[in-house]
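The lines below spell out each chain.
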Amino acid sequence: MTTLLDRSPCVGVCDYNKRAVCKACRRTRDEVRQWKRLAPEARHDINLRALANGGKKVRRKLLKPFRE
């Protein structure tokens, strides 16, 4: 069974760059708006990008369930 990272990577910063990408979690403005409607697999893919490109707070939040 595969574990999906489908929880929100939001850390409450929500500051967007010129390309409408959040500087903290690295999601686009559209991804943030549609988050609850996205399939778990789509959220997982976005979270993999957030893990690779986001900051320490994002990684800590997404990986927290695996440390407990």
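Residues numbered from 1 in each chain as written. Predicted model: local features only at pLDDT ≥ 70, side-chain atom pairs only at ≥ 80, totals over all residues. Heavy atoms only, no water.

A.B. asks: I'd like to hear about the pattern of salt bridges, residue by residue, with values.
C.D. replies: Evaluated as defined, the whole model comprises 3 salt bridges. Residue lysine 23 is joined to aspartate 15 by a salt bridge in which the shortest nitrogen-to-oxygen separation is 3.5 Å. (Salt bridge = Lys/Arg side-chain N within 4 Å of Asp/Glu carboxyl O.)

A.B. asks: How would you sum up the nonpolar core? Please name residues and give values.
C.D. replies: Within the largest apolar cluster, 8 residues are counted, these being Leu5, Cys22, Ala24, Cys25, Ala50, Leu51, Val58 and Leu62. Every element with two or more residues in this core is listed here: α2 (40-53) and α3 (56-67). Each residue touching leucine 5, except ones within four places of it in the same chain, is listed here: Arg43, His44, Asn47, Leu48, Leu51, Leu62 and Phe66. (Core = buried A, V, L, I, M, F, W, Y, C linked by side-chain atoms within 4.5 Å. Buried < 20%, exposed > 50% of the residue type's maximum accessible area, 1.4 Å probe, protein only. Helix = DSSP H or I, 4+ residues; strand = E, 2+ residues; numbered from the N terminus. Contact = heavy atoms within 4.5 Å.)

A.B. asks: Tell me about the environment of aspartate 6, and please be specific about residues and values.
C.D. replies: Within the secondary structure, aspartate 6 sits in the segment before α1 (29-34). Note on aspartate 6: relative accessible area 31%, which makes it partly exposed. Measuring from C-alpha to C-alpha, the distance between aspartate 6 and proline 40 comes to 5.5 Å, with 34 residues separating the pair along the chain.

A.B. asks: Account for the state of the cysteines, naming residues and giving values.
C.D. replies: Tallied over the entire structure, the rule returns 0 disulfides. Note on cysteine 10: no disulfide assigned, nearest cysteine sulfur contributed by cysteine 14 at a separation of 4.0 Å. Classification of cysteine 10 as partly exposed rests on a relative accessible area of 24%. (Disulfide = S-S within 2.5 Å.)

A.B. asks: So what's going on with the side chain of glutamate 31? Which residues, and what values?
C.D. replies: For glutamate 31, the location among the structural elements is in helix α1. There is a polar contact of 2.5 Å between the side chain of glutamate 31 and the side chain of arginine 49. In this structure glutamate 31 touches Arg26, Leu38, Ile46 and Arg49, once residues within four positions along its chain are discounted. (Polar contact = N/O pair within 3.5 Å; in protein donor to acceptor, adjacent residues only side chain to side chain.)

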